[in-house]
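Listed below are the residues making up each chain.
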Amino acid sequence: MSLALVYSRALAGMAAPPVEVEAHLAPGLPAFNIVGLPDTEVKESRDRVRAAIIQSGFDFPKKKITVNLAPADLPKESGRFDLPIAIGILAASSQIATDTLDQYELAGELALSGHIRPIRGAVAMAWQGAQAGRSFILPEENAAQAALLNTATVYGADTLAAVAAHFNRITPLATAEAAADSGEEEHGPLPDLAEVKGQHSARLALEIAAAGGHSLLFIGPPGTGKSMLAQRLPGILPPLDEAEMISVWALRSLLPTHQQRFSRQRPYRSPHHSASAVALVGGGSDPRPGEISLAHQGVLFLDELPEFDRKVLEVLREPLESGEIHISRAARQASFPARFQLVAAMNPCPCGYLGHPTRACRCTPEAVARYRDKISGPLLDRIDLTVEVPPLPAAQLQAAEAGESSAVVAARVAAARARQYARQNKLNAALNSLELDHSAAITAEAKQVLAETLEKLSLSARSYHRILRVARTVADLAADDAVTRQHVLRAIGLRRAL
Ligand SMILES: [Zn+2]
């Protein structure tokens, strides 16, 4: 055989489109050309593949070698194609058996020694490639991650020689075991709500947010436990289900190898306010997921919200509505899922002590107004719950009993979520206005209270639906079928006007 075909996959955002690697040997002056990779990467790939083949004890054919990667217009990080290119050359030169080659997809970067180095996107690749019905041969480190999915047969290999021995049926590769640390928790055990003393309204708001999937803003001076509360949201949310976990892991696999963590906990991300737009929403010349996608199916906590660049915050509007982020950069477009729950926190004023019982605020009214104006109206409009986290006097804090534990709250949250899925197959926060009017079952009395409040506070129609969604969740937590006046009043109370 002088022509061989090997299957692999590229990475384009979350997608892992198929790539065919053809290797052709022709008589003539020895040469080695690769078509379909950017010129700058061709030389490096050629050098790695040639050295790895020789170091693995094979002959590097003294022929005119042409390798073609198709289709040509896909983004291709060259490293991941080293292994399929080398296997293609070995197959085309009859150094390995080719009868089972079409049952596999391969990816891996080769070291000059013939060792196989890890690649990005292994979980995304195995997830999407599983439908093609092929097995995967991946670098050892990545194979254990891809095997977490249970959707595909994955073999791990650490050298080119081991892959060749597999095809030649000398020593078959072992099927990869799911990474043993898959259950390893990212931040240790989740912190418990029992550790938060007092702060009744803030705890209630957190529970409602968890139950209905609502976004939440905490306002209060430094040191009142805003971050502490936010960190406890993942612990009262239900555990990730299988489908959610796969998408979370597929996203993680797109990060540089040393940053990849595979945990069964709901993601919790808290980027600093100095984070760039690219760090927050993703991007780069070879687009990578940003913080909002790493928070997919979990919690995105933005502390000191007004300190974030306003332009950066504006970008959050799209994913908050659609659960996705589209990045276009030059010729490349990429989409990443970003269905996160937003929790934000801010001080009441630049110095932080406005309204504090014992410390004086030194801010002018103009400075306070400027500070609050930094959060754009449209973003604020997408926050369902706004709640104050006041400082508690030391005596009161000491007297306060430990709050309910996360497990107790999580049980109520799970019951309320089950009611929502049974009724409308989604969380209340995800209902559009039409669906909401259908599902809310609001009593006439409650409707009247809501209408009066809207008029008094001159709120928009959007606010009407925001409040109604929260009221629906309050009713679900109480296991009530109808949204009553009491539920509406509670929802209004948790929407402090800024
Ligand atoms: Zn102040």
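Predicted model only: the values in this text are computed from it and were never measured.

Cut-offs applied
Residues numbered from 1 in each chain as written. Predicted model: local features only at pLDDT ≥ 70, side-chain atom pairs only at ≥ 80, totals over all residues. Heavy atoms only, no water. Donors = N, O, S within 2.8 Å, 3.2 Å for Na, K, Ca; no water. Tetrahedral: all angles 85-135°; square planar, octahedral: opposite > 155°, others 65-115°. Helix = DSSP H or I, 4+ residues; strand = E, 2+ residues; numbered from the N terminus. Buried < 20%, exposed > 50% of the residue type's maximum accessible area, 1.4 Å probe, protein only. Phe/Tyr/Trp six-rings, centres within 6.5 Å; stacked < 30°, edge-to-face > 60°. Lys NZ or Arg CZ within 6 Å of the ring centre and 35° of its normal. Domains from an automatic or database assignment. Contact = heavy atoms within 4.5 Å. Buried area = accessible area lost by both parts, 1.4 Å probe. Salt bridge = Lys/Arg side-chain N within 4 Å of Asp/Glu carboxyl O. Pairing = 2+ DSSP bridges.

Visitor: Hey, could you go over the coordination of the zinc ion for me, with residue numbers and the actual values?
Guide: Only Cys 349 (SG), Cys 351 (SG), Cys 361 (SG) and Cys 363 (SG) from the protein reach the zinc ion as donors, at distances of 2.1 to 2.4 Å. Of note is the zinc ion, whose 4 donor atoms meet at the metal with angles of 105 to 112 degrees in an arrangement that counts as tetrahedral. Ordering the donors of the zinc ion by residue number gives the pattern C-x1-C-x9-C-x1-C. With Cys 349 in the loop between strand 17 (341-346) and helix 13 (365-373) and Cys 361 in the loop between strand 17 and helix 13, the pair connects residues that are 12 residues apart, well separated along the chain. For Cys 349, a relative accessible area of 0% corresponds to the buried category.

Visitor: Please set out the packing of aromatic side chains residue by residue, giving values where relevant.
Guide: In the structure shown here, the tally under the stated rule is 4 aromatic pairs. Judged by centre distance (5.9 Å) and plane angle (55 degrees), the rings of Tyr 104 and Tyr 155 are tilted. Taken together, the positions of Tyr 104 in strand 5 (residues 104-106) and Tyr 155 in strand 9 (residues 154-157) put the pair 51 residues apart, joining distant regions of the chain. Residue classification places Tyr 155 among the buried positions, given a relative accessible area of 15%. Over the face of the ring belonging to Tyr 7 we find Arg 134, whose NZ or CZ atom lies 3.7 Å from the ring centre. One Lys or Arg, Arg 359, reaches over the ring of Tyr 353 and ends 4.1 Å from the middle of that ring.

Visitor: Tell me about the domain arrangement of the protein chain, residues and numbers included.
Guide: The assigned domain composition of the protein chain is domain 1 (3-167) and domain 2 (185-389 + 402-430). A separation of 40 Å is found between the C-alpha centroids of domain 1 and domain 2. Across the boundary between the two partners, domain 1 contributes 19 residues, which contact 19 residues of domain 2. Approximately 1,600 Å² of surface area, both sides summed, lies buried where domain 1 meets domain 2, with 64% of it carried by carbon and sulfur atoms. A per-residue breakdown of the area domain 1 buries against domain 2 is headed by Met 14, Arg 120 and Leu 148, which together make up 39% of the total. On inspection of domain 1 and its partner domain 2, the count reaches 0 salt bridges.

Visitor: Tell me what's going on with the sheet that holds strand 10 (residues 216-219), and back it up with residues and numbers.
Guide: Strand order in the open sheet formed by 5 strands is 11-14-17-10-18, and the pairing between neighbours is parallel. A single partner strand is all that each edge strand has here, and the edge strands are strand 11 (268-269) and strand 18 (385-388). Pairing analysis gives 4 bridges linking strand 10 to strand 18, with the strands arranged parallel. Residue pairing for strand 18: Leu 216 is matched across the bridge by Leu 385.

Visitor: Explain the pairing of strand 2 (residues 18-26) residue by residue, including any values.
Guide: Both strand 1 (residues 3-9) and strand 2 contribute to a ladder of 7 bridges, which runs antiparallel. Along strand 2, the bridge assignment pairs Ala 4 with Ala 23.

Visitor: So what's going on with the pattern of salt bridges? Which residues, and what values?
Guide: Counting across every chain of the model gives 20 salt bridges. A salt bridge links Asp 476 to Arg 423, with the shortest nitrogen-to-oxygen separation between them at 2.8 Å. Residue Asp 476 is located in helix 19 (residues 461-477), and its partner Arg 423 is located in helix 16 (residues 406-424); the two are separated by 53 residues in the primary sequence. On the accessibility criterion, Asp 476 (2% relative accessible area) is buried. Through salt bridges with shared partners, one network takes in Arg 419, Arg 423, Arg 472, Asp 476 and Asp 481.

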